[in-house]
Amino acid sequence: MTDNTVRTRFAPSPTGFMHIGNLRTGLYAYLFARKNGGRFILRIEDTDQERKVEGAVDMIYRTLAAAGIDYDEGPDKDGGYGPYVQTQRMGIYKQYAEELVERGGAYYCFCDKERLASLGDGTGVHTYDRHCRNLPKEEVQRRLAAGESYVIRQKVPDGVVSEYEDMVFGKISVDSADIEDGVLLKSDGLPTYNFANVVDDHLMGITHVIRGTEYLSSTPKYNLIYDAFGWQRPKYMHLPPIMKDATRKLSKRFGDANFEDFIAKGYLPEAIVNYIALLGWCPKDNREKMTMQEMIEAFDTDGISHSSSIFDEAKMRWLNGEYLKAMSSERFYDVALPRIKQAVGEADYDLKELASLMQTRVDVLGDIPEKLAFLNEFGDYDLAMYEHKKMKVDREVALRAVRVATDALEALDDWTEDSVKQCVCLAAENAGMKSGQVMFAMRVALTGAPVTPGGAIEMAVVLKKSESLRRMRRSLQMLESAQQQV
RNA sequence: GGCCCUAUGGUCAAGUGGUUAAGACAUCGCCCUUUCACGGCGGUAACCCGAGUUCGAACCUCGGUAGGGUCACCA
């Protein structure tokens, strides 16, 4: 591996579904690596056994695959920097913590929890008072030998300002006086999350650390660890959060915030990925609909926003609709088929015909069943539907219209779009009515629905002759009996 | 509370000292039309506030205000 190869990583925790905010972080790390001809690494951070969820690791694999994010190294793809699963790395941190003590960047601390708790200021803010920071070496040795419980703490240097240049936020600097001597190695011998992160990132040769802004202000602290080890600091790119609204972050508890749920609702993976890429990043030319390849080429750090953005499902719906409309009819048919079948059930309808009706009419695939509900729902309906002022149709006109259309269609054998249309138009003309009036009434007579995905002709073709006539006769009866009652 | 960060229409956002302050979503209206949709056209709507610097500030500086983040032997 050459020194200047870009290496980024995505380090999710297997604690459930893949959250949209998380996925975006991974996506940016991926885009940055690909844009720079670098390598993208997947590391599983599974040390939180409490929150661990069964099957969540597989979910990570499946989500990345569906999203089109491929990694060069990971648990199932060794690149020589493994293991890539954090629980399998537990043995390595203690020695690094001890090494840091020797280098003067950390120290043993024997303070017990009670003492630590007494340090609180009453408002929940704790700051360690560095009680063990200057313990004589002999005392430390003695207490260690005696088997006293201890942790290893970072020894934050006095009187320095730790600063770095963030790739999106610019210069970030924090005074060492504001940095606590945090725990690196816990009394159980395991590392704290952030220490493990520093060690892993270094050992895996990560050159660019890409993560959420929650680490923005603590990064100077971790840089001090790199310094104390004499390691080269990585570059950092911090990403602002995706919000549910102005003040709340999108959280796992906000039900629909995960990838899997959106897929279930009928969103296309590429549309989701495209949309979240746009939340917090804007390409130079302002393009919105982009393929992964186009995003890789256009990705640039200064297009990344400094402020949080609110997730807007309405816009993602629109984008998804754009993807759907741009598909070939064959491909649309393939992706829509399951939903169409769901609506059709056992009935015998032309699925291709239905698909073509749906393609321009839905933004997400999940909308299909309700749009096709008229296929299997035809009962009593409100005759007020026949009233259309602009069309100059009322129930009386509708009755005549449906009657002429029905009579004409009874005799028609060749049931195609053209012939049905021709037949109805001719019938309208002979009856001295406008074709629009007949069409309107016929559409309602066929479906009993105020809105349908297509007009009278399309509905008739979809329903086919016998069902169409059955429905029209039935509607005719309804119209007639209503007429008699008046 | 300390420290760090942020602030352009309802939402995503372009904009880096001089602009009629883009574009997209949403919304409203019109056209097309046998309902819906697609498509086309148009409208409403924004620089958080206050001081500076400057001939000139959305843009630079400072101060407010608001919001977010962070201050664990959680990750």
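Residues numbered from 1 in each chain as written. Chains lettered and ligands numbered in written order. Predicted model: local features only at pLDDT ≥ 70, side-chain atom pairs only at ≥ 80, totals over all residues.

**Student:** Describe unusual backbone geometry, listing the residues and the values that go with them.
**Tutor:** For the peptide bond that leads from Gly 82 to Pro 83, omega is -5°, which places it in the cis range. Along the chain, the position of Pro 83 falls in the loop between helix 2 (56-67) and helix 3 (93-102). Residue Arg 130 is not a glycine yet carries a positive backbone phi of 60°. Take Arg 130: it is sitting in the loop between helix 4 (113-118) and helix 5 (137-145). Positive phi is not limited to glycine here, since Lys 392 has a value of about 60°. Inspection of the secondary structure puts Lys 392 in the loop between helix 14 (368-371) and helix 15 (395-410). For Lys 392, a count of 12 C-beta atoms within 10 Å puts it in the exposed group. (Helix = DSSP H or I, 4+ residues; strand = E, 2+ residues; numbered from the N terminus. Buried ≥ 20, exposed ≤ 12 C-beta atoms within 10 Å, placed from the backbone.)

**Student:** Provide a residue-level description of the environment of Val 402, including the pertinent values.
**Tutor:** Turning to its location among the elements, Val 402 is positioned in helix 15. Among the residues examined, Val 402 registers 24 C-beta atoms within 10 Å and is labelled buried. Each C-alpha atom of the pair Val 402 and Glu 467 lies 15 Å from the other, and the pair is 65 residues apart in sequence. Excluding its chain neighbours within four sequence positions, the residues that come into contact with Val 402 are Ala 441, Met 442, Ala 445, Met 472, Ser 475, Leu 476 and Leu 479. (Contact = placed C-beta atoms within 7 Å.)

**Student:** Outline the pairing of strand 1 (residues 7-10), supporting the account with residue identities and numerical values.
**Tutor:** Neither face of strand 1 is exposed, since Arg 7 and Arg 9 on one face and Thr 8 and Phe 10 on the opposite face are all buried. With four bridges joining them, strand 1 and strand 2 (residues 39-42) adopt parallel strand pairing. Bridge pairing in strand 2 places Thr 8 opposite Phe 40. Following the chain from strand 1 across helix 1 (residues 20-35) to the adjacent parallel strand 2, one finds a crossover that is right-handed. (Pairing = 2+ DSSP bridges. Right-handed = clockwise from strand over helix to strand, strands pointing away.)

**Student:** Go over helix 6 (residues 193-203) with me, naming the residues and quoting the values.
**Tutor:** Turning to helix 6, its buried residues are Phe 195, Ala 196, Asn 197, Val 198, Val 199, Asp 200 and Asp 201. Its buried side turned inward, helix 6 meets helix 3, strand 7 (183-185), strand 8 (208-212) and helix 7 (219-229).

**Student:** An account of the packing of helix 12 (residues 329-344) against helix 13 (residues 351-359) is needed here, citing residue identities and associated values.
**Tutor:** Two numbers describe how helix 12 lies on helix 13: the axes approach to 9 Å, and their chain directions differ by 100°. The orientation of helix 12 with respect to helix 13, classified from their angle, is roughly perpendicular. Within the contact between the two elements, helix 12 uses Ser 329, Phe 332, Tyr 333, Ala 336, Leu 337 and Ile 340 and helix 13 uses Leu 351, Lys 352, Leu 354, Ala 355, Ser 356, Met 358 and Gln 359. (Axes fitted to C-alpha atoms, helices over the stretch in contact; angles between N-to-C directions. Parallel < 35°, antiparallel > 145°, perpendicular 65-115°, else oblique.)

**Student:** Go over helix 17 (residues 435-447), please, and point to the residues and values.
**Tutor:** In an α-helix, one turn spans 3.6 residues, which is why side chains three or four residues apart end up on the same side. With 13 residues, helix 17 extends 18 Å from end C-alpha to end C-alpha; this agrees with the ideal 18 Å at 1.5 Å per step. The buried fraction of helix 17 is high, at 10 of 13 residues. Turning to helix 17, its buried residues number three or more, namely Val 438, Met 439, Phe 440, Ala 441, Met 442, Arg 443, Val 444, Ala 445, Leu 446 and Thr 447. Its buried side turned inward, helix 17 meets helix 15, helix 16 (417-430) and helix 18 (456-485). Of the residues flanking the end of helix 17, it is Gly 448, one or two places downstream, whose phi is positive at about 65°. (Expected span 1.5 Å × (residues − 1).)

**Student:** How would you sum up the nonpolar core? Please name residues and give values.
**Tutor:** Among the nonpolar cores identified, the biggest contains 98 residues, and Val 402, Ala 405, Ala 441 and Met 442 are the most heavily contacted of them. Setting aside residues no more than four positions away along its own chain, Ala 441 makes contact with Tyr 386, Val 393, Ala 398, Ala 401 and Val 402. The next biggest cluster of nonpolar side chains, apart from the first, holds 21 residues, and it includes Ala 97, Leu 100, Tyr 107 and Val 183. (Core = buried A, V, L, I, M, F, W, Y, C linked by C-beta atoms within 7 Å.)

**Student:** Please provide a residue-by-residue account of the domain arrangement of chain A, values included.
**Tutor:** Taken domain by domain, chain A holds domain 1 (90-239), domain 2 (327-375) and domain 3 (383-485). Inter-centroid distance (C-alpha atoms) of domain 1 to domain 3 is 78 Å. (Domains from an automatic or database assignment.)

**Student:** An account of the environment of Tyr 323 is requested, with residue identities and associated values reported.
**Tutor:** Examined against the element boundaries, Tyr 323 turns out to sit in helix 11 (residues 313-326). Not counting residues within four places of it along the chain, the set of residues in contact with Tyr 323 comprises Leu 268, Glu 270 and Ala 271.

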